[in-house]
Amino acid sequence: MATVTLRAATLEDVPFIRGLTTRAEYAPFIGDSDEATLRDWLHSPAARVLIWDGGDARGFAVFREIGTPGGVVELFRIALDKAGTGRGDAFFNALLDHAFTELAAERVWFDASGENPRAMTVYDRAGCRREGVQRAHWWRPALGRAVDLHLFGMLRTEWLARRSGSDAR
């Protein structure tokens with residue numbers, strides 16, 4: 001499995017992030033945020049924008065809702081520079097580790113477009129639970145229709161059990 005080094009994003013990373021979120025092939029399953037929103041997240045105590053740094057940036061993720069009562073953290077956006085290369089598992093697991101260790105999350109939740117089965121496979125392999133589906137919920141202009149939104153989550157106890165080799169399911 002690939003080694004993943006995460007670092008905090010900087011203003012210099014904004015073009016890289018926007019370059020991923022505006023790719024036509026990602027339009028069915030990832031949203032874009034303008035530069036002002038990205039700058040706000042970079043400076044917000046309730047958000048973290050992380051870069052998978054392997055010399056050149058390889059991917060990014062955005063966590064939100066940090067510091068909320070109960071330790072619930074949203075993993076809001078994830079993208080890789082080269083999807084489909086088998087690196088998603090390592091990146092996603094590093095993000096979960098970061099959430100439960102560095103962000104002191106008790107629960108991490110996130111969603112996936114029904115148009116992105118590759119991402120949902122990564123989430124399933126990581127031991128995340130599919131918690132529901134919001135049918136025809138998210139309008140995707142590139143498709144001209146709304147897509148299903150699959151909700152996922154993981155609790156700290158489940159993450160700890162997977163790290164120790166047992167399964168809390």
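What counts as what
Residues numbered from 1 in each chain as written. Predicted model: local features only at pLDDT ≥ 70, side-chain atom pairs only at ≥ 80, totals over all residues. Heavy atoms only, no water. Phe/Tyr/Trp six-rings, centres within 6.5 Å; stacked < 30°, edge-to-face > 60°. Helix = DSSP H or I, 4+ residues; strand = E, 2+ residues; numbered from the N terminus. Buried < 20%, exposed > 50% of the residue type's maximum accessible area, 1.4 Å probe, protein only. Lys NZ or Arg CZ within 6 Å of the ring centre and 35° of its normal. Pairing = 2+ DSSP bridges. Right-handed = clockwise from strand over helix to strand, strands pointing away. Contact = heavy atoms within 4.5 Å.

**Regarding the packing of aromatic side chains**
Turning to step 1, where the next piece is worked out: Taken as a whole and judged by the stated rule, the model has nine aromatic pairs.
Turning to step 2, where the next piece is worked out: Summarising the aromatic geometry, the rings of Trp 52 and Phe 91 are spaced 5.3 Å apart at their centres and angled 20° between planes, so their arrangement reads as stacked. Residue Trp 52 is found in strand β2 (residues 48-54), and its partner Phe 91 is found in helix α3 (residues 88-101); the two are separated by 39 residues along the sequence. For the residue pair Trp 52 and Phe 91, the accessibility class agrees, reading buried in each case.
Turning to step 3, where the next piece is worked out: With a centroid separation of 4.8 Å and an interplanar angle of 70°, the aromatic rings of Phe 110 and Tyr 123 are classed as edge-to-face. Of this pair, Phe 110 sits in strand β5 (residues 107-113) while Tyr 123 sits in helix α4 (residues 117-125); the two residues are 13 residues apart in sequence, bridging distant segments of the chain. Of the two residues, Phe 110 and Tyr 123, neither departs from the other in class, the shared state being buried.
Turning to step 4, where the next piece is worked out: Aromatic rings pair up to connect Phe 92, Phe 110, Tyr 123 and Phe 152 into one cluster.
Turning to step 5, where the next piece is worked out: Above the plane of the ring of Trp 52 lies Arg 87, whose end atom (NZ or CZ) is 5.3 Å from the centre.
Turning to step 6, where the next piece is worked out: Positioned above the aromatic ring of Trp 138, the side-chain terminus of Arg 140 is 3.9 Å from the ring centre.

**Some remarks on the pairing of β5**
Turning to step 1, where the next piece is worked out: In terms of strand pairing, strand β4 (residues 72-80) meets β5 through three bridges, oriented parallel. Note on β5: the bridge partner recorded for Val 72 is Arg 107.
Turning to step 2, where the next piece is worked out: After leaving β4, the chain enters α3 and then returns to the sheet as β5, a path that is right-handed.

**Points about helix α5 (residues 156-164)**
Turning to step 1, where the next piece is worked out: Looking only at α5, the buried set comprises Arg 156, Glu 158, Trp 159 and Ala 161.
Turning to step 2, where the next piece is worked out: Looking at the packing, one finds that the buried side of α5 touches α3, β6 (129-140) and β7 (145-155).
Turning to step 3, where the next piece is worked out: Following α5 by one or two positions, Gly 165 has its phi on the positive side, about 95°.

Geometric descriptors of this kind do not, in isolation, establish any biological role.
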